[in-house]
Amino acid sequence: MAGREKKSRNKGSAGNNRKSGEDFLINNLQKTGVSETESGLQYLVVEETGGPKPGLFDEVLIHQRALLLDGKILEDTYRQNRPDKVKLEELIEGLQEGLQMMSVGSRYKFWVPADLAWGRKGTGNKIPPNAVLSFDIRLVEIC
């Protein structure tokens, strides 16, 4: 019985996350400086440089702060003062797209809709279903 209750809570939570995420993205797009790509990825250029831009098959060094819309921190390399080395092709679709827009040294904020992130499934306990994610990313270098 507890399993059924948990499943029904998750479905309700997924629906609430979808609705609150959609509402957030509509309101966020009205803010000064926020743009949206054709895919629905929203971004704000915090600092722009003229360096090279990575491609989908590049490995990059990034600082990132990843958050849920409620402010829960998923990852924060700024706080640890240790950037992550990642392969673009292994990231969620929204970050693949976003990082390819950035020049080395640039800093962007991204709001990734659920369908460009972990979608309806989420990732278990860490990222709920239909979650919109917020990222503050600095592209340190292309490796």
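In the block above lies the structure referred to throughout.
So, how was this worked out
- Residues numbered from 1 in each chain as written.
- Predicted model: local features only at pLDDT ≥ 70, side-chain atom pairs only at ≥ 80, totals over all residues.
- Heavy atoms only, no water.
- Phe/Tyr/Trp six-rings, centres within 6.5 Å; stacked < 30°, edge-to-face > 60°.
- Buried < 20%, exposed > 50% of the residue type's maximum accessible area, 1.4 Å probe, protein only.
- Helix = DSSP H or I, 4+ residues; strand = E, 2+ residues; numbered from the N terminus.
- Contact = heavy atoms within 4.5 Å.
- Salt bridge = Lys/Arg side-chain N within 4 Å of Asp/Glu carboxyl O.
- Pairing = 2+ DSSP bridges.

Engineer: Break down the packing of aromatic side chains for me, with residues and values.
Structural biologist: Scanning the entire structure with this criterion turns up two aromatic pairs. Among the aromatic residues, ring-to-ring pairing joins Tyr-43, Tyr-108 and Phe-110 into one connected group.

Engineer: Residue-level account of helix 3 (residues 93-101), with values.
Structural biologist: Within the span of helix 3, buried status applies to Gly-94, Leu-95, Gln-96, Gly-98, Leu-99 and Met-101. In this fold, the buried residues of helix 3 make contact with strand 2 (42-47), strand 3 (59-68), strand 6 (107-112) and strand 7 (133-142).

Engineer: So what's going on with the pattern of salt bridges? Which residues, and what values?
Structural biologist: As enumerated under the stated definition, the model contains six salt bridges in all. Notably, a salt bridge pairs Asp-23 with Lys-19, separated by 3.0 Å at the nearest N-O pair. Note that Asp-23 and Lys-19 are positioned in helix 1 (residues 2-28) at a spacing of four residues, about one turn of the helix. We note a salt bridge from Arg-65 to Asp-136, for which the minimum N-O separation is 3.6 Å. With Arg-65 in strand 3 and Asp-136 in strand 7, this pair connects stretches of sequence that are 71 residues apart.

Engineer: Tell me what's going on with the pairing of strand 3, and back it up with residues and numbers.
Structural biologist: The buried fraction of strand 3 is high, at seven of ten residues. Inspection of the sheet shows strand 3 paired to strand 5 (residues 84-87) by four bridges, in the antiparallel sense. Bridging across to strand 5, Ile-62 finds its partner in Asp-84. Relative to strand 7, strand 3 is paired through nine bridges, and the arrangement is antiparallel. Bridging across to strand 7, Leu-61 finds its partner in Glu-141. Between strand 3 and strand 4 (residues 73-76), which pair antiparallel in sequence order, lie four residues; one of them, Gly-71, sits at a positive phi of approximately 95°.

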